[in-house]
Amino acid sequence: MSFPPNISEKALLDCGRCCCICHKFCGFKIELHHIIQKSEGGEDSYENCIPLCLDCHAEVKAYNPKHPKGRKYNESELIGHRNRWYEKVQSKSFLLVHPECIELDRKLFLELKKVLPVTGGSISFIRNHIYGNPWLLEVHEDLVAYRLSCQNPEFEFIDMDLEMRRCQLTESIDQYLKVLYTVSFTVDKVDYKGYMAVYPELKYSKHEVYYQSIKDISNAADKVCATYDDLIRLSRRKLAI
Ligand SMILES: [Zn+2]
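- Looking at an unreviewed UniProt entry, the protein carries the name HNH endonuclease, with the source organism given as Pseudanabaena frigida.

Right, here's the structure in full:
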């Protein structure tokens, strides 16, 4: 058994879907860790639960008392991390209050718009393109540039709401690029066997696989535009830019 839905929901709300140790926003890449392990009598209770990112969770679990390396996260320390973070989220003290932070986020917003402009780049292309018609993949060079920028740790908003929107945009771009490179846009070239290997339950014909590919890419494209628009709108409101 893992944590029941009411407890996991409360924990996820209280941490704002951020890791209680490193405080980064995780979106769906978050896990609920038992502070006292179930094998040692730990319960599926709110008190015994700490939300962690995948990296911190792996680290907390990796410590091997038989081969001690580094310092173990003990139970009371984990409780301390969690309680301090829950308090911070509740008090909203992580929100942007310092003008310097707002200024940093403004700079990042402008940089992000330079990499992924509202018009003249992939975003406006995706918004207006009718999938099924051919096009050159070079048009998406800015999406690749955006993904490269994401490797820079300074390419993150300080404001949590904005950072959450930016993560959602990144996820939707990843999904779009993934679909883009796996689907085929002509019936002749459609990777029928490959597609059916992924979705064996769909008894599709070659034409149906082709149309499904077009649908997949259109849906992924819509998601990119929606997450991009969300980020732009919220940034304008929060940063008055
Ligand atoms: Zn973490």
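1. Comments concerning the overall build of the protein
And step 1. The helix and strand tally for the protein stands at nine helices and two strands.
And step 2. Going from the N terminus to the C terminus, the protein shows its helices and strands as α-β-β-α-α-α-α-α-α-α-α.
And step 3. With 241 residues in all, the protein has 41% of them scored as buried.
And step 4. Of the contacts made within the protein by residues no fewer than 6 positions apart, 67% connect residues no fewer than 24 positions apart.

2. Description of the packing of aromatic side chains
And step 1. Following the criterion strictly, the structure yields three aromatic pairs and no others.
And step 2. Arranged with centres 5.8 Å apart and planes meeting at 70°, the rings of Y146 and F155 form a pair that is edge-to-face.

3. Observations concerning the coordination of the zinc ion
Ideal coordination angles are 109.5 degrees for a metal with four donors arranged tetrahedrally and 90 or 180 degrees for a metal with six donors arranged octahedrally.
And step 1. Donor atoms from the polypeptide that coordinate the zinc ion comprise C19 (SG), C22 (SG), C53 (SG) and C56 (SG), at 2.3 Å from the metal.
And step 2. For the zinc ion, the four donor atoms in the first shell make angles of 102 to 114° at the metal, a pattern classed as tetrahedral.
And step 3. Going along the chain, you hit the donors of the zinc ion in the pattern C-x2-C-x30-C-x2-C.
And step 4. For C19, a relative accessible area of 0% gives the class buried.

4. Re the nonpolar core
And step 1. Judged by nonpolar contacts, the single largest core of 34 residues is most densely connected at L116, I126, Y131, Y146, I173 and Y176.
And step 2. Looking at this core, the elements that each hand over two or more residues are α4 (99–115), α5 (122–128), α6 (141–149), α7 (160–182) and α9 (206–239).
And step 3. Formed by 25 residues, the second largest nonpolar core is a distinct cluster that contains F3, C18, I50 and M160.

5. Observations concerning the pattern of salt bridges
And step 1. Taken as a whole and judged by the stated rule, the model has eight salt bridges.
And step 2. Between K10 and D14 there is a salt bridge, with the nearest N and O atoms lying 3.2 Å from each other. Here D14 and K10 lie together in helix α1 (residues 5–15), a separation of four residues that amounts to about one turn.
And step 3. Assessed through its relative accessible area of 22%, D14 is described here as partly exposed.
And step 4. Residues R166 and E163 are paired through a salt bridge, measuring 2.9 Å at the closest nitrogen-oxygen approach. Residue R166 and its partner E163 are both found in helix α7; the two are separated by three residues, about one turn of the helix. Each member of the pair R166 and E163 is classed as buried.
And step 5. A single salt-bridge network, built from bridges that share partners, covers D159, D161 and K238.

6. Section: the packing of α4 against α9
And step 1. Running from N to C, α4 and α9 point in directions that differ by 145°, and their axes come no closer than 11 Å. As α4 runs across α9, the sense of the crossing is left-handed. Residues I102, D105, R106, F109, L112 and K113 of α4 touch α9, and the partners they reach there are Y228, L231, I232, S235 and L239.
And step 2. Of the residues that constitute the contact of α4 with α9, the class distribution is seven nonpolar, one polar and three charged.

Calculation criteria
- Residues numbered from 1 in each chain as written.
- Predicted model: local features only at pLDDT ≥ 70, side-chain atom pairs only at ≥ 80, totals over all residues.
- Heavy atoms only, no water.
- Helix = DSSP H or I, 4+ residues; strand = E, 2+ residues; numbered from the N terminus.
- Buried < 20%, exposed > 50% of the residue type's maximum accessible area, 1.4 Å probe, protein only.
- Contact = heavy atoms within 4.5 Å.
- Phe/Tyr/Trp six-rings, centres within 6.5 Å; stacked < 30°, edge-to-face > 60°.
- Donors = N, O, S within 2.8 Å, 3.2 Å for Na, K, Ca; no water.
- Tetrahedral: all angles 85-135°; square planar, octahedral: opposite > 155°, others 65-115°.
- Core = buried A, V, L, I, M, F, W, Y, C linked by side-chain atoms within 4.5 Å.
- Salt bridge = Lys/Arg side-chain N within 4 Å of Asp/Glu carboxyl O.
- Axes fitted to C-alpha atoms, helices over the stretch in contact; angles between N-to-C directions.
- Left-handed = near helix turned anticlockwise from the far one by under 90°.
- Nonpolar A, V, L, I, M, F, W, Y, C, P; charged D, E, K, R; others polar.

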